[in-house]
Amino acid sequence: MNLTLWIATGLLAAVALGGGISKAFIPKEKLAAHDGGEWTQDAGIGFVKTLGFLELLAAVGLILPAVLDIAPVMVPVTAVCWVALMVGAMITHGRLGQYKLVMLNSVYLVLAAFVAWGRFVLEPFSG
């Protein structure tokens, strides 16, 4: 189970890293021009950049606390925060009729819920 949780956490961290880099460092206009990025047209630049940096923090929070054995409880806490972020993403994409992205976000939500449940209940990091 520990290996499965690490794989799920790594996948989730990779998604967070990719999304964070794109939102934090790619110009908003360029994001808005791509499929799935239409939501940025109505969002302020500060909001988009903030989401990007939060996703970068999520990537870090999913991996480093466990690897460094410093507050490893932050891994499932970060996963719970990712669940909340995905609920917002699903609502946003749903309002735009982007149902494929809603489904993709729901997969990320389930993955994050699995990591949270796994690290809180099934296989917590021993401290």
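Structure: above.
Residues numbered from 1 in each chain as written. Predicted model: local features only at pLDDT ≥ 70, side-chain atom pairs only at ≥ 80, totals over all residues. Heavy atoms only, no water.

## Observations regarding the overall build of the chain
Step number 1: Looking only at helices and strands, the chain features five helices and zero strands.
Step number 2: Each helix and strand of the chain, placed in order from N terminus to C terminus, yields the pattern α-α-α-α-α.
Step number 3: Relative to a compact globule of 127 residues, whose C-alpha radius of gyration would be 14 Å, the chain shows 15 Å and is just as compact.
Step number 4: Each principal axis of the C-alpha atoms in the chain carries an extent, and together these give about 45 × 25 × 20 Å.
Step number 5: In the chain, buried positions account for 39% of the 127 residues.
Step number 6: Counting contacts in the chain only where the partners sit at least 6 residues apart, residues at least 24 apart contribute 66% of the total.
Step number 7: Accessible surface, the chain: about 7,100 Å² in total, of which carbon and sulfur atoms supply 72%.
Step number 8: The positive charge centre, built from 7 side chains, and the negative charge centre, built from 7, are 4 Å apart in the chain. (Helix = DSSP H or I, 4+ residues; strand = E, 2+ residues; numbered from the N terminus. Rg over C-alpha atoms; globule rule 2.2 N^0.38 Å. Buried < 20%, exposed > 50% of the residue type's maximum accessible area, 1.4 Å probe, protein only. Contact = heavy atoms within 4.5 Å. Areas by Shrake-Rupley, 256 points an atom, 1.4 Å probe, with all protein chains shown as cover. Lys, Arg positive; Asp, Glu negative; His and termini not counted. Charge placed at Lys NZ, Arg CZ, Asp CG, Glu CD.)

## Section: the packing of helix α1 (residues 2-25) against helix α3 (residues 45-68)
Step number 1: Between α1 and α3, the shortest axis-to-axis distance is 7 Å and the interhelical angle comes to 150°. As summarised for this structure, α1 and α3 are arranged roughly antiparallel, according to the angle between their axes. Judged by the sense of rotation from one axis to the other, the crossing of α1 with α3 is left-handed.
Step number 2: Looking at side-chain class alone, the contact of α1 with α3 contains 18 nonpolar, five polar and three charged residues. (Axes fitted to C-alpha atoms, helices over the stretch in contact; angles between N-to-C directions. Parallel < 35°, antiparallel > 145°, perpendicular 65-115°, else oblique. Left-handed = near helix turned anticlockwise from the far one by under 90°. Nonpolar A, V, L, I, M, F, W, Y, C, P; charged D, E, K, R; others polar.)

## With respect to the side chain of Thr 78
Step number 1: Here Thr 78 shows up in helix α4 (residues 74-95).
Step number 2: On the basis of relative accessibility, which here comes to 10%, the residue Thr 78 falls in the buried class.

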